[in-house]
Each structure stands twice: as C-alpha cells, then as structure tokens.
Amino acid sequence: MDRRDYQSFNRIRAYRSDVLAGGAELLWPTRCVVCNMPGELLCAECRAGLPWIEQRYACPQCGAPHGWLACTDCGVDYIRATLRAETDPRSTIWETRAVVCALEFAGAGALMATVLKDQHELRLAPVMAAAMATALDEAGSWPASDGRPRFDAARTDALCFIPATRQAYARRGFDHMERVARSLATELGIPCADVLMRATGADQRALGKEGRANNLRGTVSVAGEVAGAHLLLVDDVITTGASVREAARALLARGAASVTASALARVW
C-alpha cells in the first residue's frame, strides 16, 4: 500500500467511524446523567448546579465540606490544632497529608460516579477528571495541615488510583478509576502509576465506618517502586475514608514521601 492508498484508507476508516457514531447517536441519543435531557452528558443547567465543595471551607485533612474550623467527621479542631478526642473518641489523624474532593455526594456528584461504573457510560471518565482537576487547582490556593498548598502538581511525582477488585473488574469489564485516573493525569501533566492491587473484600456499601475499616485492613498492596515519591491518590467517592487511608498506609509503608488524596465526591 503506497502513501496515497494509506491516506485514502485512513479517510475511509474515519468516515466509517463518523457514520457509525452518528447512527448510534440517532438510535441512542446522549442524555444528561442528571436531568435526562438529550444533547450532552451533563447539560449546561446541571453543570451550573453542580454541588461544588468550596476548598477554603473544606477540612484539609479529610476533605469534608465545611470542616475548616472544626471537622465533625475526622474530629480535628483547627482552632486549637488538636484532635477533639476528649469529646469524640472516633477522632483520627488520617495518613494522607491532605484530601481534596470536588463535589458533595448529591445530585450530579452521586450520579456521575454510579452511571460510569454501573451503567458503563465510559465517556464520563474525562468529565469526572475535569471536575477533580478544577478542585485540585482551587485547593492549591489553600494550606494543608502542614502549611503547604493542599495540592501542587509541580511537587507531585505521580498519580495512582484505588483499583477495582478482581470480582468488580470481571463484572464490569473495566476499571472505572483507571480510566478517570489516566484522564486526570493528562489534565494535570503528571505520570499515572498503576502500582496498587486490591484483594477481595466484602461489599463496602453495606458496612459502617468501623466495618469498612476492618474489611479493608491489609487488602491493599503496592506492586511498584514508590520510595521517596510524592503521590496523588485518586478514588471516585470518599465515604468514611477507609479505602484511601488503607491505600495511603500501604504506599507510605513502601517508602512514599507523602500521599495526597482526591476524589470526585465526598459523602457528608
């Protein structure tokens, strides 16, 4: 095949792809995941109503909205810079140096995560990544507990993600967080490192805070070299923090210098 034939073949293949995509759009039109209106995955009206977390008011340690003075979730009192253990025995210092979440787990924040992994709407991965990148950019203007910006791409060596279990991968046929992570890595201009592995555990959705922590203990391992690295760890939703904390523990145990976590949505 000479150069002209090759170019013609590529044009034909591109045209065929456009025709197939157009036919699919006619048969199954793209609809907004929130309001179901045809046209876009997230229409302009629903984009305008996204439940964004204002990073200046979020808890620097666990990413909970409105926890910047005294967090009722992780128990840190930033006014006194202490754990409120005397009034809340569940108070804990997280292993992550900061947590940045883009949206509250409501409306679009909940639907995007579930529609991607449960309804196989893979086109949502870059949409979720764009929302997370926006939150990380905003969080860079506010300090973490150590006084440094909550996120700084220039000081981040790589991005890693909480992988699906083998059973979840077999059921869905893809790892939804790998797709989001690779899109986010491109947005941020940092490498994506597939270094985490997960053993099987019970379904987290039916468990409480303590049950989630016990269920995940020892189930995350590190397959790559992370010694001395400053890492960004991503997940879709943070509920109790059990998943990101277990992954952060595994990364730090293998010598990672720091782990900053980020998620699309935060249960509050």
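Higher on the page you've got the structure.
None of these values were measured; they are calculated from a predicted model.

Visitor: Describe in detail helix α8 (residues 242-253), supporting the description with residues and values.
Guide: Here α8 is 12 residues long and its end C-alpha atoms lie 16 Å apart, about the 16 Å a rise of 1.5 Å per residue gives. The element α8 is extensively covered by neighbouring structure, given that nine of its 12 residues are classed as buried. Residues Ala-242, Ser-243, Val-244, Arg-245, Glu-246, Ala-247, Ala-248, Ala-250 and Leu-251 constitute the buried set of α8. Positioned one or two residues after α8, Gly-255 has a phi angle of 100°, which is positive.

Visitor: Explain the side chain of Ser-262 to me, using residue names and the numbers behind them.
Guide: Turning to its location among the elements, Ser-262 is positioned in strand β8 (residues 258-266). Here Val-100 takes part through its backbone oxygen, which lies 3.0 Å from a polar atom of the side chain of Ser-262. Residues in contact with Ser-262, not counting those within four places in the same chain, are Val-100, Met-132, Leu-136, Leu-232, Leu-233, Val-234 and Asp-235.

Visitor: Mind laying out the pattern of salt bridges, listing which residues take part and the relevant values?
Guide: When the charged atoms of two side chains lie near each other, side chains of opposite charge can form a pair. Under the counting rule described, the total for this entry stands at 11 salt bridges. Two residues, Arg-266 and Asp-73, come together in a salt bridge whose shortest N-O distance is 2.6 Å. Placement of Arg-266 in strand β8 and of Asp-73 in the loop between α2 (44-48) and β1 (76-77) is noted, with a sequence separation of 193 residues between them. Each member of the salt-bridge network shares a partner with another, and the members are Glu-95, Arg-245, Glu-246 and Arg-249.

Visitor: Help me get a handle on the sheet that holds strand β3 (residues 98-104), residues and values and all.
Guide: Consider a sheet: its strands pair through backbone hydrogen bonds, and that pairing is either parallel or antiparallel. The four strands are arranged β3-β8-β7-β4 in an open sheet whose pairing can be described as parallel. Each edge of the open sheet is held by one strand with a lone partner, namely β3 and β4 (158-161). Shown here is a sheet whose adjacent strand axes are inclined to one another by a mean of 20°, direction ignored. One ladder, built from eight bridges, connects strand β7 (residues 230-238) with β8; its direction is parallel. Counterpart to Leu-231 in the pairing with β8 is Val-259. Against the sheet, helix α3 (residues 108-118) contacts β3, β7 and β8, and its axis sits at roughly 100° relative to β8.

Visitor: How would you explain the packing of helix α4 (residues 124-139) against helix α6 (residues 176-188) if you had to name every residue and give the values?
Guide: Where α4 contacts α6, the two axes come as close as 8 Å, and the packing angle between them is 50°. Here α4 lies oblique to α6, going by the angle between them. α4 and α6 meet at a crossing whose hand is right-handed. On α6, the residues touching Ala-125, Pro-126, Met-128, Ala-129, Ala-130, Met-132, Ala-133 and Leu-136 of α4 are Arg-179, Val-180, Ser-183, Leu-184, Glu-187 and Leu-188. Split by residue class, the contact of α4 with α6 holds 11 nonpolar, one polar and two charged.

Rules behind the numbers
Residues numbered from 1 in each chain as written. Predicted model: local features only at pLDDT ≥ 70, side-chain atom pairs only at ≥ 80, totals over all residues. Heavy atoms only, no water. Helix = DSSP H or I, 4+ residues; strand = E, 2+ residues; numbered from the N terminus. Expected span 1.5 Å × (residues − 1). Buried < 20%, exposed > 50% of the residue type's maximum accessible area, 1.4 Å probe, protein only. Polar contact = N/O pair within 3.5 Å; in protein donor to acceptor, adjacent residues only side chain to side chain. Contact = heavy atoms within 4.5 Å. Salt bridge = Lys/Arg side-chain N within 4 Å of Asp/Glu carboxyl O. Pairing = 2+ DSSP bridges. Axes fitted to C-alpha atoms, helices over the stretch in contact; angles between N-to-C directions. Parallel < 35°, antiparallel > 145°, perpendicular 65-115°, else oblique. Left-handed = near helix turned anticlockwise from the far one by under 90°. Nonpolar A, V, L, I, M, F, W, Y, C, P; charged D, E, K, R; others polar.

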